[in-house]
Amino acid sequence: MSKEIIAKKAAVVDEVTEKFNSAVSCVVVNYRGVTVEEVTELRKELREAGVEFRVIKNTYLKRAADKAGYEGLDDTFSGPTAVAFSNDDVVAPARILAKFAKDIDALEIKGGIIEGKVASLEQVEAISKLPNREGMLSMLLSVLQAPVRNFAYAVKAVAESKDGEDAA
């Protein structure tokens with residue numbers, strides 16, 4: 001092989017390594033048998049969620065994962081492999097790909113990397129069931145508001161009972 005080809009391959013490995021290091025989550029899927037229309041729809045939905053979806057050679061993925069310090073992914077990087085990288089939302093790639101995997105039998109989630117740790121298929125599926133960031137913030141807000149709301153109801157009930165005693 002020429003030095004030029006080796007340099008190009010090394011550049012791809014470096015780029016993928018950087019994606020692994022900067023992403024908060026990566027989900028690896030087998031896409032064999034998925035139609036062009038289905039992939040187009042999947043890419044559109046992932047892009048809208050700020051997720052990058054790429055088909056990358058397994059040898060590049062293995063080298064990049066090793067370079068980034070992720071071990072135990074060699075079995076994941078076999079067969080036709082595509083990776084969804086998210087730099088912002090941990091849940092988005094898992095949620096979107098799991099939804100598509102239910103509808104498209106040919107799409108198979110293999111595993112991934114979640115917040116710097118190698119994740120199994122089961123862990124990716126568990127994360128896919130979580131709400132998105134806005135949903136989590138909404139839940140947190142309602143939990144934080146509950147004590148204040150309950151206190152306000154108690155004060156109102158006491159005030160109403162005092163008004164009832166004053167009227168009698």
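Reference entry: report on the structure contained in this document. (Residues numbered from 1 in each chain as written. Predicted model: local features only at pLDDT ≥ 70, side-chain atom pairs only at ≥ 80, totals over all residues. Heavy atoms only, no water.)

**Concerning the overall build of the protein chain**
Operational definition: The way it works is that DSSP assigns letters per residue, a run of H or I at least four long becomes a helix, a run of E at least two long becomes a strand, and they are numbered from the N terminus. To get the radius of gyration, use the C-alpha atoms; to get the globule rule, take the number of residues to the power 0.38 and multiply by 2.2 Å. Relative accessible area decides the class of each residue, using a 1.4 Å probe on protein chains only: under 20% of the type maximum gives buried, over 50% gives exposed, and in between gives partly exposed. Contact between two residues is taken to exist if any of their heavy atoms lie within 4.5 Å; hydrogens are not considered. The Shrake-Rupley method, run with a 1.4 Å probe sphere, supplies the accessible areas, and residue values consider only the shown protein chains as cover. Charge counting follows a simple rule: Lys and Arg are positive, Asp and Glu are negative, and His as well as the terminal groups are ignored. The atoms used to mark charge sites are NZ of Lys, CZ of Arg, CG of Asp and CD of Glu.
Within the protein chain, the regular secondary structure consists of six helices and five strands. Counted from the first residue to the last, the protein chain has its helices and strands arranged as α-β-α-β-α-β-α-β-β-α-α. Over its C-alpha atoms the protein chain spans a radius of gyration of 24 Å, topping by over 25% the 15 Å that the globule rule assigns to 168 residues. Dimensions of the protein chain along its principal axes, counting C-alpha atoms only, are 100 × 30 × 25 Å. Expressed as a percentage of its 168 residues, the buried residues of the protein chain come to 35%. Pairs at least 24 residues apart make up 80% of the contacts formed inside the protein chain by residues separated by at least 6 positions. Approximately 10500 Å² of the protein chain is accessible, and the part contributed by carbon and sulfur atoms is 55%. Here the protein chain carries 23 positive and 27 negative side-chain charges, and the mean point of each set is 7 Å from the other.

**A short note on the packing of aromatic side chains**
Two aromatic rings, taken as a pair, are described by how far apart their centres are and by the angle between their planes. Here is the rule: We call Phe, Tyr and Trp rings a pair once their centres come within 6.5 Å, taking the six-membered ring for Trp, and we label the pair stacked below 30 degrees between planes, edge-to-face above 60, and tilted otherwise.
On inspection of all chains with the given rule, the structure shows three aromatic pairs. Here the aromatic rings of F20 and F77 are separated by 6.4 Å at their centres, their planes lie at 35 degrees, and the arrangement is tilted. Of the two residues, F20 is situated in helix α1 (residues 3-22) and F77 in the loop between α3 (58-68) and β3 (81-86); the sequence distance between them amounts to 57 residues. Of the residues examined, F20 reaches a relative accessible area of 1% and is grouped as buried. Residue classification places F77 among the buried positions, given a relative accessible area of 1%. Each member of the aromatic cluster is reached from another via a ring pair, and the members are F20, Y70, F77 and F85.

**Details of the nonpolar core**
Operational definition: Think of a nonpolar core as a cluster: buried Ala, Val, Leu, Ile, Met, Phe, Trp, Tyr and Cys residues, connected wherever their side-chain atoms sit within 4.5 Å.
In this structure, V29, L42, F53, L97 and L107 are the most contacted members of the largest nonpolar core, which totals 25 residues. Only β1 (25-30), α2 (36-48), β2 (51-55), β3, α4 (92-103), β4 (108-114) and α5 (121-128) provide two or more residues apiece to this core. Excluding its chain neighbours within four sequence positions, the residues that come into contact with F53 are V29, L42, R43, L46, A82, V83, A84 and L97. Listed in part, the 18 residues of the second largest apolar core include V13, Y60, L61 and A68.

**Regarding the pattern of salt bridges**
As a reminder, the rule being used: When a carboxyl oxygen of Asp or Glu is within 4 Å of a side-chain nitrogen of Lys or Arg, the pair counts as a salt bridge.
Here the structure, examined in full by the defined rule, presents eight salt bridges. With a closest N to O distance of 3.6 Å, K44 and E48 form a salt bridge. One end of the pair is K44 and the other is E48, both in helix α2 and four residues apart, which spans about a single turn. Overall, the relative accessible area of 41% leaves K44 in the partly exposed class.

**Some details on the packing of α1 against α3**
The condition that has to hold: Under this scheme, a helix contributes an axis fitted over its contacting stretch, all axes are lines through C-alpha atoms, and angles between N-to-C directions fall in the 0 to 180 degree range. The labels follow the angle: roughly parallel below 35 degrees, roughly antiparallel above 145, roughly perpendicular from 65 to 115, and oblique for the rest. The handedness criterion is simple: a crossing whose near helix is rotated anticlockwise from the far helix by less than a right angle is left-handed, and one whose near helix is rotated clockwise is right-handed. Asp, Glu, Lys and Arg are counted as charged, while Ala, Val, Leu, Ile, Met, Phe, Trp, Tyr, Cys and Pro are counted as nonpolar; the rest, among them Gly, fall into the polar class.
Look at α1 against α3: their axes get within 8 Å of each other, and the N-to-C directions meet at 55 degrees. By the angle between their directions, the pair α1 and α3 is classed as oblique. In terms of crossing hand, the pair formed by α1 and α3 is right-handed. Across from K9, V12, V13, D14, V16, T17, F20 and N21 in α1, the residues of α3 making contact are Y60, L61, R63, A64, A65, K67 and A68. Considering only residue class, the contact of α1 with α3 consists of nine nonpolar, two polar and four charged.

**Quick notes on a negative patch on the surface**
Stated formally: Within this analysis, patches are made of residues with over 30% relative accessible area and no salt bridge. Like charges are joined at 9 Å or less; nonpolar side chains (Val, Leu, Ile, Met, Phe, Trp, Tyr) at 5 Å or less.
Residues D66, E71, D74 and D75 make up a contiguous surface patch of negative charge. Tracing the backbone shows E71 in the loop between α3 and β3.

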